[in-house]
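What follows is each chain in one-letter form.
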Amino acid sequence: MGEVGLRTVRDGQRVLRFQAAVIGAATSQRGSSPRWSELVVYRMVDGHYLISKIGRSTVAHQPTCLRVNHRMVPWSKAAAFGEDSVQRVPCPDCRPELGHGIAPDTMLEVTRYRAILCQTAESAAESLMGDRAALLMPQIVQTVLAQCSESDPNFSRYAEADTALPRAWENTTRTP
Ligand SMILES: [Zn+2]
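Residues numbered from 1 in each chain as written. Predicted model: local features only at pLDDT ≥ 70, side-chain atom pairs only at ≥ 80, totals over all residues. Heavy atoms only, no water.

Undergrad: Looking at this structure, I do not really get the coordination of the zinc ion. What am I missing?
TA: Under perfect tetrahedral coordination by four donors, a metal shows angles of 109.5 degrees; under perfect octahedral coordination by six donors, it shows angles of 90 or 180 degrees. The coordination sphere of the zinc ion, as far as protein atoms go, consists of His-61 (ND1), Cys-65 (SG), Cys-91 (SG) and Cys-94 (SG), spread over 2.2 to 2.4 Å. Angles of 97 to 126 degrees at the metal separate the four donor atoms of the zinc ion, which places the site in the tetrahedral class. (Donors = N, O, S within 2.8 Å, 3.2 Å for Na, K, Ca; no water. Tetrahedral: all angles 85-135°; square planar, octahedral: opposite > 155°, others 65-115°.)

If you want it as structure tokens, here you go:
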């Protein structure tokens, strides 16, 4: 992390390309959970920040499932949306058959891409934290903010989210 390079980030259907350094990146993916988030914070060469928020899901539904919504795409159009290479898991409610070929009308939860341009570290941190108090921040946000604070002094005030306890403990034990 930290080196400037050409980056490609999606925002909905748009593809953004720009020169930037990655100063924070984390995922909430744990075990075999079929839905997770990915966060990346870029520092652009002009000093602004760009946050990439990606929501992933591998869940597939029968077309009649009550969980199906307008954002999902049928398997017959999966390739056009770049969703055909994702290993799918069946919704536990409607249990579509996925083992022997996928029916064309099977509905797929899709990857959601958002990119947020922020003028300052403060606005980037606010965008990451939302309205939540520090103790309620998801681990992925705490991790990203801690990484940003190590790479960029403009984020230093957000370092304590992830590291306050270990540092306090270290300081105590090192006291002569
Ligand atoms: Zn379902």
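Undergrad: Mind showing me how you'd approach helix H2 (residues 139-151) here?
TA: Structural remark: α-helix, 3.6 residues per turn; residues separated by three or four positions point the same way. Taking 1.5 Å of rise per residue, the 13 residues of H2 would be expected to cover 18 Å, and the 19 Å separating its terminal C-alpha atoms lies within 8% of that figure. Three or more residues of H2 are buried, namely Ile-140, Val-141, Gln-142, Val-144, Leu-145, Ala-146, Gln-147, Cys-148 and Ser-149. (Helix = DSSP H or I, 4+ residues; strand = E, 2+ residues; numbered from the N terminus. Expected span 1.5 Å × (residues − 1). Buried < 20%, exposed > 50% of the residue type's maximum accessible area, 1.4 Å probe, protein only.)

Undergrad: Looking at this structure, I do not really get the nonpolar core. What am I missing?
TA: Nonpolar side chains tend to gather and get buried jointly when the protein is soluble and globular. Residues Ile-51, Leu-128, Val-141, Leu-145 and Phe-155 are the most contacted members of the largest nonpolar core, which totals 21 residues. At the level of elements, strand S2 (14-27), strand S3 (35-44), strand S4 (49-57), strand S9 (112-118), helix H1 (121-129) and H2 are the ones that each hand at least two residues to this core. The next biggest cluster of nonpolar side chains, apart from the first, holds ten residues, and it includes Val-9, Phe-18, Val-22 and Ala-115. (Core = buried A, V, L, I, M, F, W, Y, C linked by side-chain atoms within 4.5 Å.)

Undergrad: Explain the packing of aromatic side chains here, please?
TA: One pass over the full model with this rule turns up three aromatic pairs. With a centroid separation of 5.2 Å and an interplanar angle of 90 degrees, the aromatic rings of Tyr-49 and Phe-155 are classed as edge-to-face. With a gap of 106 residues between them, Tyr-49 in strand S4 and Phe-155 in the loop between H2 and helix H3 (160-174) connect regions that are remote in the sequence. Tyr-49 gets classed as buried once you look at its relative accessible area, which sits at 2%. (Phe/Tyr/Trp six-rings, centres within 6.5 Å; stacked < 30°, edge-to-face > 60°.)

Undergrad: What is the right way to look at unusual backbone geometry in this model?
TA: Only a minority of non-glycine residues have a phi that is not negative, and only a minority of peptide bonds are not trans. The phi dihedral of Arg-95 is positive, around 45 degrees, even though this residue is not glycine. One can find Arg-95 in the loop between strand S7 (89-90) and strand S8 (107-108). Since its relative accessible area comes to 63%, Arg-95 is described here as exposed.

Undergrad: Is there a simple way to think about the side chain of Asp-11 in this case?
TA: Among the structural elements, Asp-11 can be located in strand S1 (residues 4-11). A distance of 2.9 Å separates polar atoms of two side chains, one belonging to Asp-11 and the other to Arg-14. Only 3.0 Å separates the side chain of Asp-11 from the backbone nitrogen of Ala-115, close enough to count as a polar contact. Look past the residues within four positions of Asp-11 in its chain and what remains in contact with it is Leu-16, Tyr-113, Arg-114 and Ala-115. (Polar contact = N/O pair within 3.5 Å; in protein donor to acceptor, adjacent residues only side chain to side chain. Contact = heavy atoms within 4.5 Å.)

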